[in-house]
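As a plain string of letters, each chain reads:
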Amino acid sequence: MEVVLEMSLEIEGFDNLVNEEEIRGYIQKVLEKEYESKGMVYISLLLTGNEEIQIINREYRDKNEPTDVISFAYHETEDFDIGPYDTLGDIVISLEKVEEQAKEYNHSSKREFFYVLTHGILHLLGYDHIDENSKKEMRAKEEELLGNSGFTREM
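Once a new chain begins, its residue numbering starts again from 1 and follows that chain's sequence as written. Local features are withheld for residues below a pLDDT of 70 in this predicted model, meaning they are given only at 70 or higher, and side-chain atom pairs are given and counted only at 80 or more; totals for whole chains, interfaces and linings count all residues. Note that the side-chain values use all heavy atoms of the structure and ignore hydrogens as well as water.

**Some details on the UniProt feature "binding site: Zn(2+)" (unreviewed entry) in the protein chain**
Here, UniProt's "binding site: Zn(2+)" (unreviewed entry) annotation points to His119, His123 and His129. Under the DSSP-based scheme used, a helix requires at least four consecutive residues in state H or I and a strand at least two consecutive residues in state E, with every element numbered from the N terminus. Counting through the fold element by element, His119 comes out in helix H5 (residues 109-124). In what follows, a contact means two residues having at least one pair of non-hydrogen atoms within 4.5 Å. Excluding residues that lie within four positions of it along the chain, His119 makes contacts with Val69, His129, Met138, Arg139 and Glu142. We define a polar contact as two N or O atoms separated by no more than 3.5 Å, with the added condition that, inside protein, one atom must be a possible hydrogen donor and the other a possible acceptor, whereas residues neighbouring each other in sequence contribute only through side-chain atom pairs. In this structure the side chain of His119 is engaged in a polar contact, spanning 3.1 Å, whose partner is the side chain of His123. UniProt positions are given in the numbering used here, feature names are shortened, and annotations may be inferred rather than shown by experiment.

**Regarding the pattern of salt bridges**
In the sections that follow, a salt bridge refers to a side-chain nitrogen of Lys or Arg positioned within 4 Å of a carboxyl oxygen of Asp or Glu. Under the definition given, this model contains nine salt bridges. One salt bridge connects Glu34 with Lys33, and the closest N-O pair in it is separated by 3.7 Å. Overall, the relative accessible area of 15% leaves Glu34 in the buried class. Salt-bridge contacts for Lys33 lead to Glu144; the nearest nitrogen and oxygen are separated by 3.0 Å. One end of the pair, Lys33, is in helix H1 (residues 20-34); the other, Glu144, is in helix H6 (residues 132-148), with 111 residues separating them in the sequence. Here's how the labels work: a residue is buried when its accessible area is under 20% of the maximum for its type, exposed when over 50%, partly exposed in between, all with a 1.4 Å probe on protein chains only.

**Topic: the environment of Arg111**
Here Arg111 shows up in helix H5. Of the residues examined, Arg111 reaches a relative accessible area of 1% and is grouped as buried. With 42 residues separating them along the chain, Arg111 and Arg153 place their C-alpha atoms 7.0 Å apart.

Dropping the structure here:
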């Protein structure tokens with residue numbers, strides 16, 4: 001059985017940067033490769049700006065600054081499934097921060113978007129970067145997934 005993705009996507013502005021079909025296809029591909037369980041999976045994705053993500057970052061992480069991506073992995077705290085779906089969690093991405101970082105790192109906004117999306121998905125799947133070993137493992141997995149989908153640093 002394969003992964004069946006149900007996704008809630010909310011875009012607050014900046015809709016010229018993203019394509020819902022491409023995002024859904026990418027998440028599906030990552031889950032089929034990386035998610036141990038198969039079946040019906042639910043992810044919520046909010047694409048917003050710096051102001052909104054700063055509020056979320058302050059409220060949930062005690063950091064009063066905008067960030068690129070925040071993930072809320074439901075399986076880390078409790079199982080919170082919606083109907084027949086294995087609810088992995090929520091991902092919040094600041095598209096403003098994505099554009100800023102793309103310029104800073106000198107690659108496309110699209111590549112940066114898929115990088116932070118990949119980072120968020122991996123957090124939902126239990127990856128972290130607390131210590132140097134886990135950081136190396138997570139970075140290698142990010143680059144592998146991005147490379148397999150053609151999202152290279154040169155984009």
